[in-house]
Amino acid sequence: MEGNEQQGHRQDCSHGHDSHGHGSHDHDHGGVFHSHAPVGKMKTAFLLTLFILVVEFTGGLLSHSLALLSDAGHVLTDIAAIGLSWYALRQAEKPSDERMTFGYYRSGILAALVNGMSLMLITLWILWEASQRFQHPQPVQSAWMFVSAGVGLALNLYLGLGMRGDTNINVKSAVMHMLGDAAASAGVIVGGLVMLATKWYVVDPILSVLIAALIAFGAWRIVRQTVVVLMEGVPQGVSFQSVVAEIKAVAGVQDVHDVHMWCISSGRNALSCHLVLDGVLTIRECQCILRNLEHRLAHLGIGHVTIQMEDADHPHGQSELCAATEPVHEH
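Report on the accompanying structure. Everything numeric in this text was worked out from a predicted model, so none of it was measured.

## Side note on the pattern of salt bridges
Phase 1: A full pass over the atoms with the stated rule returns four salt bridges.
Phase 2: A salt bridge links R133 to D204, with the nearest nitrogen and oxygen atoms 3.0 Å apart. Within this pair, whereas R133 is found in helix 4 (residues 106-135), its partner D204 is found in helix 7 (residues 203-230), the two being separated by 71 residues in sequence. Of the two residues, R133 and D204, both sit in the buried class.
Phase 3: The closest approach of N and O atoms between E246 and R296, which form a salt bridge, is 3.0 Å. On the criterion of sequence distance, the pair formed by E246 in helix 8 (residues 240-248) and R296 in helix 9 (residues 283-299) is long-range, its members being 50 residues apart.

Structure follows, in structure tokens:
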């Protein structure tokens, strides 16, 4: 008798999934809350980027090219960025504990924020040096520029294109560094050809300013995204109203309030809310509603769900957003 009742319960929950339009087959949402970052590739990227720094810095000194030295300065921040990313990815592999109940995923966000801030600082340095070169242009040895920038272009394209498919924000920030350096190296090569043909050495600081603009754009995107995560903002690509509507569409749900959505780390979105149900429902019926909700939210990119179930006599406000004041409880 109990087995038949449990079977009926499973069928009811499956029916809840069917109403969502996915058929009666089961879905595995285990991958929603997991990320496999290429830790080994980050180690390789760190070592190759260190080699690029040596080549471009040496080439910049030998060629007297500010553009190449600027790119070497950018590569220096890449080494710090990739090193931090590598460290952060290793930290993210550590399991949660009593001190860090969500684990160490936020270390990647903090590293990405440092990456973005370092890029902004290097941009200011490049602009300052470029202003000096505009006033006093210096001859540039183009041959050294071609060799050094060519090495940087080839290796950065190899690294950046090889890792661009990863969705982890820390890896994405490192890839942005690499592809930005590849573009800068290509610009340095073009500028070297122009200076070789025309002896117009003001091209060197002009290239430096363009590199600085490229760096600044990428830095702003990284910082903006990490600040949203640290401020517990709604995750990128998730619509607050769409999620609330999906919750209210579940059979048995009367209302929802105190909804919170945030991003623990890239690809790891979470939600908590208070759910209003009929007070006469059994625990088993409530569990069926909960499984249906988890299924729907997983399809919206939210893999960690915490739901407080209440009846219509709850003491909280009706707002979907968090109430401005907490209810006063009488003793």
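The structure having been displayed, the exposition proceeds.
## What about the pairing of strand 3 (residues 304-310)?
Phase 1: Note that strand 2 (residues 268-277) and strand 3 share seven bridges and pair parallel. Opposite A270, over in strand 3, you have H304 as the bridge partner.
Phase 2: Once the chain exits strand 2 it traverses helix 9 before rejoining the sheet at strand 3, and the crossover so formed is right-handed.

## With respect to the sheet that holds strand 3
Phase 1: Here three strands make up an open sheet; going across it, the order is 1-2-3 and the pairing mixed. Only two strands of the sheet have a single neighbouring strand rather than two, namely strand 1 (253-265) and strand 3. Recorded for the sheet is a direction-independent mean angle of 15° between the axes of neighbouring strands.
Phase 2: In this structure, strand 1 lies alongside strand 2, joined through nine bridges in antiparallel fashion. Following the sheet pairing, V253 is matched in strand 2 by L277.

## Some words on the environment of W86
Phase 1: By the secondary structure assignment, W86 is in helix 3 (residues 66-92).
Phase 2: According to the relative accessible area criterion, W86 is partly exposed, its value standing at 23%.
Phase 3: Between the C-alpha atom of W86 and that of A111, which follows or precedes it by 25 residues, the distance is 9.4 Å.

Definitions and limits used
Residues numbered from 1 in each chain as written. Predicted model: local features only at pLDDT ≥ 70, side-chain atom pairs only at ≥ 80, totals over all residues. Heavy atoms only, no water. Salt bridge = Lys/Arg side-chain N within 4 Å of Asp/Glu carboxyl O. Helix = DSSP H or I, 4+ residues; strand = E, 2+ residues; numbered from the N terminus. Buried < 20%, exposed > 50% of the residue type's maximum accessible area, 1.4 Å probe, protein only. Pairing = 2+ DSSP bridges. Right-handed = clockwise from strand over helix to strand, strands pointing away. Axes fitted to C-alpha atoms, helices over the stretch in contact; angles between N-to-C directions.

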